[in-house]
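Fold and contact review
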Amino acid sequence: MRENKGRWSVKFTGATVMTMLILGPATSATQAGAHAVEQPTAEHAATSVTVAGPARVAVTAGSRVTARWSRAIDTSSKSAVNAAYVTTYAPRLTQLIDWLGGSVLGCLPGLSSASSNAGTLSSLNFVRSMAGLGPVSFSSALNSSAQRAALIMEANDALSHSPSSGWKCWTSTGAASAGRSNLAIAYPSIKAGQVIDLYMDDPGASNTAAGHRRWILNPFSTVMGTGSTRTANALTVIGPTNAYRPNPRWVGWPTAGYFPNKLEPGGRWSLSCGLKSVSFTYAKVAVYQGTTRIPVKRYAPHTGYGQPTLVWQMPSSFDKTKTYRVVVTGIKKAGLTTPLRTEYSVRLFTPSP
């Protein structure tokens, strides 16, 4: 666990240890332990962070790329990024979820309060704005079904995108929502903004596709939904879309420009392309700090999770206060014989009040 990210705990038999379990939509569930992709249990290895990739489903996608959203956070300005992080994102990381009228006893889904949902939405739209994407809204219908999905996960102390009717507090509505949602369980309690922080980190050996992040950063999304209990969250990420939303050609995470190092995703960096006709299959990534090339581990690209994306792992010891130049070459685009390349700089900094 890294500093400022160790806010999570999962139940051990007779003890509570700090870790986290998250799952992307419509895959097999994740087993506890050394990041295996199987059914989860409540007993996880003390240092494990288990995840699974999201659904490979078709979504409405545009065929054009555009500039960044006109009202996106100006990542070329350190002061603008710092102010947005301090006022919009950081306070939500510790905002407790108010689960109103819900209980596992009696299988009452209840609801997460308006202020809790507002906190999650604020965090969600902050990361989209950093990436140059337009905001999304939550709908009461998707929130309601996501709430039923979260109740199933809370009641069973486990995550699945296809829970069977034998699961406690199962409903057809909740089960269907689970298949369209990122899922998370955190102990002793889940926080409004924490869930976005975790989905954007996409940690663990089973999550090298960075699927939770890719669904959150789907440029075409217009409406999502959230439901939270005491320890579980369901974030419905597969929903209404619009092909004419802002869709930058390149979206990195961390993003180009100034980027708060407290948001840095544990070295799991990615680059997405706004064009579905692009392939990163043969792409190569090089990262430099000054004139020194930083060794990185490139993961095999996975398609079908939102936009085409390349993911790589930075070394564990890299300095999170420096500027890094990212160069990606060998990007193939249908209809072109000459590969594409892109280059950008990430300026990590420590945010301050």
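Residues numbered from 1 in each chain as written. Predicted model: local features only at pLDDT ≥ 70, side-chain atom pairs only at ≥ 80, totals over all residues. Heavy atoms only, no water.

What to know about the nonpolar core
General note: in soluble globular proteins, nonpolar side chains tend to be found buried as a group. Ranked by size, the top nonpolar core spans 57 residues in total, and within it Phe126, Ile196, Ile216, Trp269, Phe280, Trp312 and Val328 carry the most contacts. Among the elements that take part in this core, strand E20 (residues 340-349) stands out by supplying 5 residues, more than any other. Core analysis: the second largest hydrophobic core is formed by 14 residues, Ala146, Ala150, Trp167 and Ala178 among them. (Core = buried A, V, L, I, M, F, W, Y, C linked by side-chain atoms within 4.5 Å. Buried < 20%, exposed > 50% of the residue type's maximum accessible area, 1.4 Å probe, protein only. Helix = DSSP H or I, 4+ residues; strand = E, 2+ residues; numbered from the N terminus.)

With respect to the confidence of the model for the protein chain
Here the protein chain shows a mean pLDDT of 85. Residues at 70 or above account for 82%. Contacts from residues 1-19, a stretch scored under 50 in pLDDT, to residues over four places away or in other chains number 57 contacts. Counting interchain partners and residues more than four positions distant, the pLDDT-below-50 stretch residues 26-54 has 109 contacts. (pLDDT = per-residue confidence, 0-100. Contact = heavy atoms within 4.5 Å.)

Examining the state of the cysteines
Within the structure shown, the criterion is met by 1 disulfide. Covalent S-S linkage joins Cys107 and Cys169, the inter-sulfur distance amounting to 2.2 Å. Around the S-S axis, the bridge from Cys107 to Cys169 shows a dihedral of about -80° and counts as left-handed. Taken together, the positions of Cys107 in the loop between strand E5 (99-100) and strand E6 (111-112) and Cys169 in the loop between helix H3 (140-156) and helix H4 (172-178) put the pair 62 residues apart, joining distant regions of the chain. (Disulfide = S-S within 2.5 Å.)

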